[in-house]
Amino acid sequence: EAQVTQNPRYLITVTGKKLTVTCSQNMNHEYMSWYRQDPGLGLRQIYYSMNVEVTDKGDVPEGYKVSRKEKRNFPLILESPSPNQTSLYFCASSPGTGGISYEQYFGPGTRLTVT
Amino acid sequence: QQQVKQSPQSLIVQKGGIPIINCAYENTAFDYFPWYQQFPGKGPALLIAIRPDVSEKKEGRFTISFNKSAKQFSLHIMDSQPGDSATYFCAASIGRGSTLGRLYFGRGTQLTVWP
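This report concerns the structure included in the present document. Everything numeric in this text was worked out from a predicted model, so none of it was measured. (Residues numbered from 1 in each chain as written. Chains lettered and ligands numbered in written order. Predicted model: local features only at pLDDT ≥ 70, side-chain atom pairs only at ≥ 80, totals over all residues. Heavy atoms only, no water.)

## A closer look at the overall build of chain A
Consideration 1: A tally of helices and strands in chain A yields zero helices and eleven strands.
Consideration 2: Overall, chain A shows an N-to-C arrangement of helices and strands of β-β-β-β-β-β-β-β-β-β-β.
Consideration 3: For chain A, whose C-alpha radius of gyration is 13 Å, the value lies close to the compact-globule estimate of 13 Å for 115 residues.
Consideration 4: Burial analysis of chain A (115 residues in total) assigns 50% to the buried set.
Consideration 5: Taking contacts inside chain A between residues at least 6 apart in sequence as the whole, the part at least 24 apart equals 53%.
Consideration 6: Measuring between centres, the 12 positive side-chain charges of chain A sit 8 Å from its 10 negative side-chain charges. (Helix = DSSP H or I, 4+ residues; strand = E, 2+ residues; numbered from the N terminus. Rg over C-alpha atoms; globule rule 2.2 N^0.38 Å. Buried < 20%, exposed > 50% of the residue type's maximum accessible area, 1.4 Å probe, protein only. Contact = heavy atoms within 4.5 Å. Lys, Arg positive; Asp, Glu negative; His and termini not counted. Charge placed at Lys NZ, Arg CZ, Asp CG, Glu CD.)

## A look at the interface of chain A and chain B
Consideration 1: Listed by partner, the interface residues are 26 residues for chain A and 24 residues for chain B.
Consideration 2: Each partner contributes to the roughly 2,100 Å² buried at the junction of chain A and chain B, and carbon and sulfur atoms together form 53% of this total.
Consideration 3: Inspection of the region where chain A meets chain B yields one salt bridge.
Consideration 4: Note that Arg102(B) and Asp59(A) form a salt bridge whose closest N and O atoms lie 3.0 Å from each other.
Consideration 5: If you look at where chain A meets chain B, you find six residue pairs in polar contact (both at pLDDT 80 or more).
Consideration 6: Ranked by residue count, the leading element in the side of chain A that touches chain B is strand β5 (residues 42–51) of chain A, at five residues.
Consideration 7: Across the side of chain A that touches chain B, the residue classes break down as eleven nonpolar, eleven polar and four charged. (Buried area = accessible area lost by both parts, 1.4 Å probe. Salt bridge = Lys/Arg side-chain N within 4 Å of Asp/Glu carboxyl O. Polar contact = N/O pair within 3.5 Å; in protein donor to acceptor, adjacent residues only side chain to side chain. Nonpolar A, V, L, I, M, F, W, Y, C, P; charged D, E, K, R; others polar.)

## Here we look at the nonpolar core
Consideration 1: Among the nonpolar cores identified, the biggest contains 25 residues, and Phe33(B), Trp35(B), Phe73(B), Leu75(B), Tyr88(B) and Leu111(B) are the most heavily contacted of them.
Consideration 2: Breaking this core down by element, the ones donating at least two residues are β2 (10–14), β3 (20–25), β4 (33–38), β5 (45–50), β7 (62–67), β8 (72–77), β9 (86–93) and β11 (109–114) of chain B.
Consideration 3: Of all the elements, β9(B) adds the most residues to this core, at four residues.
Consideration 4: Once you skip the residues sitting within four places of it in the chain, Phe33(B) turns out to touch Tyr25(B), Ile48(B), Ala49(B), Ile50(B), Pro52(B), Ile64(B), Phe66(B), Phe73(B), Ala91(B) and Ala92(B).
Consideration 5: Within the second largest apolar cluster, 19 residues are counted, among which are Val21(A), Cys23(A), Tyr47(A) and Val66(A). (Core = buried A, V, L, I, M, F, W, Y, C linked by side-chain atoms within 4.5 Å.)

## Focus: the sheet that holds strand β7 (residues 65–66) of chain A
Residue and element names in this part refer to chain A.
Consideration 1: Taken in spatial order, the four strands line up as β1-β3-β8-β7 in an open sheet, and their pairing is antiparallel. Here the strands that pair on one side only, and so sit at the sheet edges, are β1 (4–7) and β7.
Consideration 2: Sheet topology note: the β1/strand β3 (residues 19–25) ladder contains four bridges and is antiparallel. By the bridge assignment for β3, Asn 7 is matched with Thr 22. (Pairing = 2+ DSSP bridges.)

## Section: the sheet that holds strand β1 (residues 4–7) of chain B
Residue and element names in this part refer to chain B.
Consideration 1: Spatially, the five strands line up as an open sheet ordered β1-β3-β8-β7-β6, and their pairing is antiparallel. Unpaired on one side and paired on the other, β1 and β6 (56–59) mark the two borders of the sheet. For this sheet, the mean angle separating the axes of adjacent strands, direction not counted, is 15°.
Consideration 2: When β7 meets β8, the two strands line up antiparallel, connected through six bridges. Each bridged residue has a counterpart across the sheet, and for Asn 67 the counterpart in β8 is Gln 72. (Axes fitted to C-alpha atoms, helices over the stretch in contact; angles between N-to-C directions.)

## Examining unusual backbone geometry
Consideration 1: Note that the residue after Asn7(A), namely Pro8(A), is joined by a cis bond; omega there is -5°.
Consideration 2: Counting through the fold element by element, Pro8(A) comes out in the loop between β1 and β2 (10–13).
Consideration 3: Look at Lys71(B): it is not a glycine, yet its phi comes out positive at around 55°.
Consideration 4: Mapped onto the elements of the fold, Lys71(B) is located in the loop between β7 and β8.
Consideration 5: When its relative accessible area of 22% is taken as the criterion, Lys71(B) is described as partly exposed.
Consideration 6: If you check the backbone angles, Asp79(B) has positive phi at about 45° while not being a glycine.

Take it as geometry only, folks, not as evidence of what the structure does.
Here it is as structure tokens:
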């Protein structure tokens, strides 16, 4: 089944403890992206990657790192999480080429709480 | 500065009504305008999208109207059904080559369709 998977789905952690949220897609998509969703603020892009060689900042990259060493995986790293990073996180991927190159497929989300 | 402004924040219609959600943007370089639908507990899913070279696009009961000179676009849902109750997000992007670039989302509209 074609899908974007994220792990973990739920995470409660403490301030300053490094964490990684994994994202993997099995559709051979070029483009991958991370978003955070907060009530009243909608979705905001954190980082995106157009292909394995190109990664760029989105709207709210501060406090986050990403890594795109292979096409299928795009982990989100929080080196020193803070309470203001408590949010619902979504990973998404898009084909990147062809007629439907822009269609994004979202993962199920990761709810992160930082205390 | 919010790149894409969406209104209204919430909308309640009766079954069969035609809810209209509006979005406005400033950056004339945007060249891709998607709408996403999100049900509670799920990731967003692409509903319909338009490029600025057309003024209208229909897919089933969903229609995007695009006004390039006014820098506005809207989503119309014909013959709305209770199953359409969801949160809707508009977005805008500047493509980079054949792939998506950075994506800016509106803050969302929570639509409720009463039976």
